[in-house]
Amino acid sequence: MTQLFGTSETWAILLPADTVWIDRGKQQPTETSVEHPRSTHTAVIGSRRTLRRRSGKDAAGCRTYIAFPSYEHPLLVTNQDSAILRYLTDSVLSTPPGIGRVPTFLLTIGRRLLRRQSAWMLATWFSTAGVVSVQEQ
């Protein structure tokens, strides 16, 4: 896997070994100058739209991951699927015991909001989470 500077080893575990990262801050080389093998996966820091724009191809077969708190050092990586987000907020995330009634109430409301993709996308907009899109070519 061709890694970007500062990316976590978590991505090496989740993504195939032949994944090529497209740096969001650099211009994409022309297709004639760089040819990747047929089985190469392309990853970009950003949404499917960013991946489509950078790779110049349709985003069909694209997987999008949400990394919290950032894509550089993720503690939690989840797929963007609604069912997975509901399972994550209902079964994995929890409110710590003994923190009081008001904080428990607020954290419970926050967890329920995280069931929706829009809440995670809002978190990425405020840079409290990161999005990584991966496509098999």
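Scroll up for the structure.
Parameters at a glance
- Residues numbered from 1 in each chain as written.
- Predicted model: local features only at pLDDT ≥ 70, side-chain atom pairs only at ≥ 80, totals over all residues.
- Heavy atoms only, no water.
- Buried < 20%, exposed > 50% of the residue type's maximum accessible area, 1.4 Å probe, protein only.
- Helix = DSSP H or I, 4+ residues; strand = E, 2+ residues; numbered from the N terminus.
- Pairing = 2+ DSSP bridges.
- Contact = heavy atoms within 4.5 Å.
- Axes fitted to C-alpha atoms, helices over the stretch in contact; angles between N-to-C directions.

Let us now look at the pairing of strand β2 (residues 41-45). In terms of burial, β2 is largely enclosed, as five of its five residues are buried. Residues His41, Ala43 and Ile45 of β2 are buried on one face, and the alternating residues Thr42 and Val44, pointing to the opposite face, are buried as well. Examined bridge by bridge, strand β1 (residues 19-22) and β2 share four bridges and lie parallel to one another. Counterpart to Thr19 in the pairing with β2 is His41. Bridge count between β2 and strand β5 (residues 130-136): five bridges; the pairing is antiparallel. The residue of β5 that forms the bridge with Val44 is Ser133.

Attention now goes to the environment of Ile84. Along the chain, Ile84 falls in helix α3 (residues 82-92). Considered as a pair, Ile84 and Arg115 are 31 residues apart in the sequence and their alpha carbons are 8.6 Å apart. Ignoring any residue separated from it by four or fewer positions in sequence, one finds Ile84 in contact with Thr78 and Asn79.

With mixed pairing, five strands are arranged side by side in an open sheet as β1-β2-β5-β3-β4. The sheet is open, and its two borders are formed by β1 and β4 (76-79), each paired with just one other strand. Recorded for the sheet is a direction-independent mean angle of 25° between the axes of neighbouring strands. In this structure, strand β3 (residues 62-68) lies alongside β5, joined through six bridges in antiparallel fashion. Residue pairing for β5: Tyr65 is matched across the bridge by Val132.

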